[in-house]
Amino acid sequence: MLKVVHDPRHLVHDTSALTIHGQPFFEVPARAEILRTALAESGWCSLVGPEAHGRGPLEAVHTPEYLDFLASIFEAGAPFRHTLGAAPVLGDTFAPPGTRFRSSHPWAQLGRFTFDIEVPFYPGTWVAVSASVECALTAADLVLGGERAAYALCRPPGHHALSARAGGYCYLNNAAIVARFLQQRHGGMRVAILDIDFHHGNGTQEIFYSDPGVLYASLHADPDGEYPFHWGGADERGEGAGLGANLNVPLPAGTDDARYLEALDDTLASIREYAPIFLIVSAGFDIGVGDPSVLTGDFKISPEGFSAIGRRVRALDLPTVIVQEGGYRLETLAANATAFLSAFR
Ligand SMILES: [Zn+2]
């Protein structure tokens, strides 16, 4: 049985009525509900709730000021919303690097602690974000306790979140927090993060960019034509002591199962060579054919492709924490997720 950590409190981050630039917001509660239902009915998953871990593991990745911001910005910003009612608090005045004045106004805080308009704050956002990271940390506990793999059904996702900025549907970087948590429990041993989401995990990359103790390896859409645009080139290999511990594999629009698996095999060989004692998988199912979050051209990964990806990652034979990231095509989300996860049953 694969242990699945899930928390219904994600529902209070209710983005289902939101539109941005006239487009529906893709990161909606139905995603996690579809995944939970499919896994509960699979016959090979057992669903468990998360345990509380407090603020300590979060502070190993995020700054105290940023955590305070996440916890308080809805209340602080609500009186200044352009539209009242169900509308979220949302940034629109971003602070470029090098600015000098630190306004205390909620709009200024949004501009300082977010990097795009894809991170709405609702009354329940902090509750859902906190529950999401508790799912990830509880999955890490399960693996530390002897499970070969555990899956955290995180919502909201995390891999775009920087140490002090939210963006791209992400508030806390769940995978990065798990990496630090596992390291602390194991005396700073090496950990690898494999990111298979369609989008580059810019937050995870930046958090560990100069850290030789965490290998960040990502297969993703070429950022020349896809979000997050400002990160994700193949020449971003880490810096200082971390040089060589960041591996980006940008892939072209239209990448199919065969092309993807070839790139995955090379990436898994690099992970083997790095010899980590834990693996974290940032699992995004938006590499599936027809994902609506895609801007230039989707990947064409089929359910059989997801199944093959799962088997190859499993064959690394490492204790593995799987953390849910993206995946927005509701019609195929369950089939793709169960195809990938069934390798870890
Ligand atoms: Zn994604």
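Residues numbered from 1 in each chain as written. Predicted model: local features only at pLDDT ≥ 70, side-chain atom pairs only at ≥ 80, totals over all residues.

Student: Residue-level account of helix α6 (residues 174-185), with values.
Tutor: Taking 1.5 Å per residue, 12 residues should reach 16 Å; α6 reaches 17 Å between its end C-alpha atoms and fits that length. For α6, a buried count of 9 out of 12 residues is recorded, marking the element as mostly surrounded by other parts of the structure. Taken together, the buried positions of α6 are occupied by Asn174, Ala175, Ala176, Ile177, Val178, Ala179, Arg180, Phe181 and Leu182. Taken from the residues just after α6, Gly187 is the one with a positive phi, measuring 55°. (Helix = DSSP H or I, 4+ residues; strand = E, 2+ residues; numbered from the N terminus. Expected span 1.5 Å × (residues − 1). Buried ≥ 20, exposed ≤ 12 C-beta atoms within 10 Å, placed from the backbone.)

Student: Run through the nonpolar core, naming residues and quoting values.
Tutor: In terms of nonpolar packing, the biggest core is built from 93 residues, with Ala136, Ala139, Ala152, Val178, Ile280 and Val323 touching the most fellow members. Tallying contributions element by element places helix α5 (residues 125-144) first for this core, with 12 residues. In contact with Ala136, not counting residues within four places along its chain, are Ala152, Cys154, Asn174, Ile177, Val178 and Val323. (Core = buried A, V, L, I, M, F, W, Y, C linked by C-beta atoms within 7 Å. Contact = placed C-beta atoms within 7 Å.)

Student: So what's going on with helix α3 (residues 64-77)? Which residues, and what values?
Tutor: For α3, spanning 14 residues, the distance from its first C-alpha to its last is 19 Å, which sits close to the expected 20 Å at 1.5 Å a residue. If you look at α3, its biggest bend is around 45°, right at Ala71. Every buried residue of α3 is accounted for by Tyr66, Phe69, Leu70 and Ile73. Looking at the buried residues of α3, the elements they touch are α4 (106-113) and α5. (Bend = angle between axes of the 7 residues up to and from the residue.)

Student: An account of the environment of Phe208 is needed here, citing residue identities and associated values.
Tutor: Position of Phe208 relative to the elements: it lies in the loop between α7 (202-207) and β7 (214-221). On a C-alpha basis, the gap between Phe208 and Val5 in space is 25 Å, while along the polypeptide they are 203 residues apart. Beyond its immediate sequence surroundings of up to four residues, Phe208 is in contact with Val214, Tyr216 and Gly242.

Student: Tell me about unusual backbone geometry, and name the residues and values.
Tutor: Cis geometry marks the peptide bond from Arg155 to Pro156, where omega comes out at -5°. Along the chain, Pro156 falls in the loop between β5 (149-152) and α6. A cis amide bond, omega 10°, links Tyr227 with the succeeding residue Pro228. Within the secondary structure, Pro228 is located in the loop between β7 and β8 (246-251). One non-glycine residue, Tyr169, lies in the positive phi region at around 75°.

Student: Give a description of the packing of helix α9 (residues 303-314) against helix α10 (residues 330-341) that names residues and reports values.
Tutor: Closest axis-to-axis distance for the α9/α10 pair is 7 Å, and the angle between their directions is 30°. What the angle tells us is that α9 and α10 run roughly parallel. Crossing angle aside, the handedness with which α9 passes α10 is right-handed. Mapping the contact onto sequence places Pro303, Phe306, Ser307, Ile309 and Gly310 in α9 and Ala335, Asn336, Ala339, Phe340 and Leu341 in α10. (Axes fitted to C-alpha atoms, helices over the stretch in contact; angles between N-to-C directions. Parallel < 35°, antiparallel > 145°, perpendicular 65-115°, else oblique. Left-handed = near helix turned anticlockwise from the far one by under 90°.)

Student: Go over the sheet that holds strand β6 (residues 191-195) with me, naming the residues and quoting the values.
Tutor: The strands making up a sheet associate through hydrogen bonds between their backbones, and the pairing can be parallel or antiparallel. Spatial ordering of the open sheet is given by β4-β1-β5-β10-β9-β6-β7-β8, a layout of 8 strands whose pairing is parallel. The open sheet has two free edges, formed respectively by β4 (45-48) and β8, since each of these has just one partner strand. Each strand axis lies, on average, 20° off the axis of its neighbour in the sheet, ignoring direction. Strand direction decides the pairing type here: strand β1 (residues 2-5) and β4, joined by 4 bridges, are parallel. Looking at β4, one finds that Lys3 is bridged to Ser46. α5 contacts β1, β5 and β10 (320-324) of the sheet and is inclined by roughly 170° relative to β5. (Pairing = 2+ DSSP bridges.)

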